[in-house]
Amino acid sequence: MLTDTHLETRTLDVNPKFPWEAERVASPRPKLSLIDEMTVQRGTIDDWRTLEALHYKQSGSLPAGSHHFTLKLGDELIGVLVMASPKLLLKERHVVLPKLKPTGQDNKMTNQFRMKWINANMSVVARVVVDTMYRGAGLAYRFTNIASRMEGKRFIEIQSSMSKYNMFAHKAGFQFVKPMRSNMYDVGIKFFRATFASDPADLEAILDEWLEKESIERAAVEAATKDFYYRHSALEKTGKSLGGVGERRVANMSMRDCVHALQQMVLASPLYGIFTNPDVGTKLPDVLPITAFDRQHATERLVV
């Protein structure tokens, strides 16, 4: 239940024979009393599977390098955060950390050094989900902040469309850059307009239009869509996707998955935020109370 803090007690002598006490709240701040029993610690993929249906991205796949943190009320799982390996090239990151931006004169050695530095110093918050029963009590931003500290990396990134509407990552201490349109927007819109009559943002309409075509034309459109997506997708040509792995993965995609991935590449403009971990290099306890967030500012060293 919600309780109030900063209570002031006064005795009111309305009737000398029956004095009674009244409590008045000075600068009231609501608090979920159960929060004192909540802890953050590392979890497993099974924890994510337990709550993934409550996340707005109900996808069975997770980014490369995924690992997990849990939010528990006693022994009850009430939240999961997924950390993952960062993308090696990201234009929004280059605004914040311009030294990581390719110069156009890079060679194999500098590219490998950049990759090793990013993997050693950065992680990305890929998913955050809290049980619906406990939403609205300020748990998500506290959870994200504590987990980002426990991750141990120097920088934690987040790319979140939800951050346009829910300020949880801002409250967790992430600093955001101005939203940027995809580099593939113009060429992608041109492809959509030339290939489909439907709105480029309407996945179901595009699939319905595709299914209504004759089998030969349907196969040609699918091949063209997959070819366009692979040729323009940096994601399918980096890291573990090299050596033909990305090309084979795209070839095995369903039309739905391919069009959805193409829409994400062309149309999506999630906010990019970065958290500078003030506790990097500090050994933190394996289990931390979520109330540890309230002991200092979101970007100050943790008071253990």
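Below: a short report on this structure.

Here is what the cut-offs are and how they apply
Residues numbered from 1 in each chain as written. Predicted model: local features only at pLDDT ≥ 70, side-chain atom pairs only at ≥ 80, totals over all residues. Heavy atoms only, no water. Helix = DSSP H or I, 4+ residues; strand = E, 2+ residues; numbered from the N terminus. Buried < 20%, exposed > 50% of the residue type's maximum accessible area, 1.4 Å probe, protein only. Contact = heavy atoms within 4.5 Å. Phe/Tyr/Trp six-rings, centres within 6.5 Å; stacked < 30°, edge-to-face > 60°. Lys NZ or Arg CZ within 6 Å of the ring centre and 35° of its normal. Pairing = 2+ DSSP bridges. Salt bridge = Lys/Arg side-chain N within 4 Å of Asp/Glu carboxyl O. Core = buried A, V, L, I, M, F, W, Y, C linked by side-chain atoms within 4.5 Å. Patch = residues over 30% accessible without salt bridge, like charges linked within 9 Å, V, L, I, M, F, W, Y side chains within 5 Å. Areas by Shrake-Rupley, 256 points an atom, 1.4 Å probe, with all protein chains shown as cover. Axes fitted to C-alpha atoms, helices over the stretch in contact; angles between N-to-C directions. Parallel < 35°, antiparallel > 145°, perpendicular 65-115°, else oblique. Left-handed = near helix turned anticlockwise from the far one by under 90°. Nonpolar A, V, L, I, M, F, W, Y, C, P; charged D, E, K, R; others polar.

### Some details on the overall build of the chain
Step number 1: The helix and strand inventory of the chain stands at 10 helices and 12 strands.
Step number 2: By the burial criterion, 40% of the 304 residues in the chain qualify as buried.
Step number 3: Taking the intrachain contacts of the chain between residues at least 6 apart in sequence as the baseline, contacts between residues at least 24 apart amount to 70%.

### Concerning the packing of aromatic side chains
Step number 1: Taken as a whole and assessed by the stated rule, the structure comprises six aromatic pairs.
Step number 2: Cluster of aromatic residues (ring-pair linked, three or more members): F191, F192, F196 and F228.
Step number 3: In this structure, R181 packs its charged tip against the face of Y185, placed 3.9 Å from the ring centre.

### As for the pairing of strand β6 (residues 67-73)
Step number 1: Of all seven residues in β6, five are buried; the element is thus mostly enclosed.
Step number 2: Where β6 meets strand β7 (residues 76-84), seven bridges bridge the pair, whose relative direction is antiparallel. Bridge pairing in β7 links H68 to V82.
Step number 3: The turn joining β6 and β7, which pair antiparallel and follow one another in sequence, is formed by two residues; a positive phi near 65° is taken by G74.

### Remarks on the pattern of salt bridges
Step number 1: Tallied over the full model, the rule gives 12 salt bridges.
Step number 2: A salt bridge links E92 to K91; the nearest nitrogen and oxygen atoms lie 3.5 Å apart.
Step number 3: Under the relative-accessibility criterion, K91 is labelled partly exposed at 26%.

### Regarding the nonpolar core
Step number 1: Ranked by internal contacts, the top residues of the largest apolar core, which has 34 residues, are M38, L139 and F143.
Step number 2: Going through the elements one at a time, β5 (38-42), β6, β7, β8 (122-130), α4 (139-151), β9 (155-160) and α5 (168-171) are the ones with two or more residues in this core.
Step number 3: Tallying contributions element by element places α4 first for this core, with six residues.
Step number 4: In this structure M38 touches L32, L71, K72, L73, I78, Y134, L139, L288, P289 and I290, once residues within four positions along its chain are discounted.

### Re a nonpolar patch on the surface
Step number 1: Together, Y56, M162 and Y165 give the surface a local cluster of nonpolar side chains, amounting to about 370 Å² of exposed area.
Step number 2: By the element assignment, Y56 lies in the loop between α1 (45-51) and β6.
Step number 3: For Y56, a relative accessible area of 47% translates into the label partly exposed.

### Here we look at the sheet that holds β8
Step number 1: The strand order β10-β11-β9-β8-β7-β6-β5-β12 describes an open sheet built from eight strands, whose pairing is mixed. Each edge of the open sheet is held by one strand with a lone partner, namely β10 (175-176) and β12 (288-289).
Step number 2: Bridge count for β7 against β8 is six bridges, and the pairing is antiparallel. Note on β8: the bridge partner recorded for A84 is V124.
Step number 3: Each of β8 and β9 touches helix α3 (residues 108-121); the most contacted strand, β8, lies at about 40° to it.
Step number 4: Against the sheet, α4 makes contact with β5, β6, β7, β8, β9, β11 (271-276) and β12, and its axis sits at roughly 50° relative to β7, the strand it touches most.

### So, the packing of helix α8 (residues 215-232) against helix α10 (residues 255-267)
Step number 1: Interhelical geometry of α8 versus α10 gives an angle of 40° and a closest axis separation of 10 Å. For the element pair α8 / α10, the angle class is oblique. In the packing of α8 onto α10, the handedness of the crossing is left-handed. Residues V221, E222, T225, K226, F228, Y229 and H232 of α8 form the contact with α10, whose participating residues are M255, C258, V259, A261, L262 and M265.
Step number 2: Classifying every residue of the contact of α8 with α10 by side-chain character gives nine nonpolar, two polar and two charged.

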